[in-house]
Amino acid sequence: MTSGSGSLEHTADLGLWVEADSLFELFEAAPMALAELMVSGPRQGEILWLPFNATGADHAELLVALLSEVVYLWDAESLLLVGVKLRRLGEGSLEARLGVIPADPDCHQQGEPVKAVTYHQAKVEPQGGRWRGEVYLDV
């Protein structure tokens with residue numbers, strides 16, 4: 001699997017882009033990239049696998065829903081995403097398992113303080129034989 005990620009410039013928010021060889025890989029890599037952006041520190045511990053299902057009008061909406069879950073798990077449940085197992089990805093739905101560990105204030109430091117993943121300019125599209133996803137984050 002070959003994937004990449006980085007940040008995008010935006011006036012009020014922070015953009016995140018992710019590229020991967022396949023659409024399936026993109027949906028596994030993007031949540032991990034967001035978790036790395038939001039939290040630094042070790043990713044060790046007993047992993048709890050949580051089910052996640054979403055529906056949406058297109059792949060961009062599904063990506064926003066998936067990334068929004070990463071933000072929710074960290075902010076509301078104090079759970080850090082450490083793994084993603086995508087089970088099914090269709091035109092209007094996805095099914096995955098999200099691997100999480102409890103936040104440890106002694107080890108995990110807040111990175112970018114992401115409040116939300118926005119639908120504004122969100123996109124998922126093929127690009128040069130690969131797939132690219134872009135979202136903007138409310139920080």
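Below, the structure is looked at part by part.

Calculation criteria
Residues numbered from 1 in each chain as written. Predicted model: local features only at pLDDT ≥ 70, side-chain atom pairs only at ≥ 80, totals over all residues. Heavy atoms only, no water. Helix = DSSP H or I, 4+ residues; strand = E, 2+ residues; numbered from the N terminus. Rg over C-alpha atoms; globule rule 2.2 N^0.38 Å. Buried < 20%, exposed > 50% of the residue type's maximum accessible area, 1.4 Å probe, protein only. Contact = heavy atoms within 4.5 Å. Areas by Shrake-Rupley, 256 points an atom, 1.4 Å probe, with all protein chains shown as cover. Lys, Arg positive; Asp, Glu negative; His and termini not counted. Charge placed at Lys NZ, Arg CZ, Asp CG, Glu CD. Salt bridge = Lys/Arg side-chain N within 4 Å of Asp/Glu carboxyl O.

**Focus: the overall build of the chain**
Point 1. Secondary structure summary: the chain contains 2 helices and 9 strands in total.
Point 2. Reading the chain from its N end, one meets helices and strands in the order β-β-α-β-β-α-β-β-β-β-β.
Point 3. Over its C-alpha atoms the chain spans a radius of gyration of 14 Å, differing by no more than 12% from the 14 Å that the globule rule assigns to 139 residues.
Point 4. Relative to its full complement of 139 residues, the chain shows a buried share of 45%.
Point 5. Put simply, 67% of the contacts in the chain that link residues at least 6 apart link residues at least 24 apart.
Point 6. For the chain, the accessible area works out to roughly 6900 Å², and carbon and sulfur atoms hold 49% of it.
Point 7. Each charge sign in the chain was given a centre, from 9 positive and 21 negative side chains, and these centres are 5 Å apart.

**A look at unusual backbone geometry**
Point 1. Even without glycine at this site, Ser78 takes up a positive phi of about 55°.
Point 2. With respect to the secondary-structure elements, Ser78 resides in the loop between helix H2 (59-77) and strand S5 (79-89).
Point 3. Although it is not a glycine, Gln121 adopts a positive phi angle of roughly 65°.
Point 4. Positionally, Gln121 belongs in strand S8 (residues 116-127).

**Overview of the pattern of salt bridges**
Point 1. Evaluated as defined, the whole model comprises 9 salt bridges.
Point 2. Notably, a salt bridge pairs Glu95 with Arg88, separated by 3.8 Å at the nearest N-O pair.
Point 3. Classification of Glu95 by relative accessible area gives partly exposed; the value is 25%.
Point 4. A relative accessible area of 39% means that Arg88 is categorised as partly exposed.
Point 5. The salt bridge partner of Glu134 is Lys123, with a shortest N-O separation of 3.7 Å. Placement of the pair is Glu134 in strand S9 (residues 130-138) and Lys123 in strand S8, with a sequence separation of 11 residues.
Point 6. Its relative accessible area of 13% is what places Glu134 among the buried residues.
Point 7. For Lys123, a relative accessible area of 32% gives the class partly exposed.
Point 8. Taken together, the shared-partner salt bridges connect Glu19, Asp21, Lys123, Glu125, Arg130, Arg132 and Glu134 into one network.

**Points about the side chain of Ser93**
Point 1. Within the secondary structure layout, Ser93 lies in strand S6 (residues 93-102).
Point 2. With relative accessibility at 17%, the residue Ser93 sits in the buried group.
Point 3. Apart from the residues lying within four places of it in its own chain, the contact partners of Ser93 are Ala54, Thr55, Leu62 and Arg88.

By themselves, these figures tell us nothing about what the structure is for.
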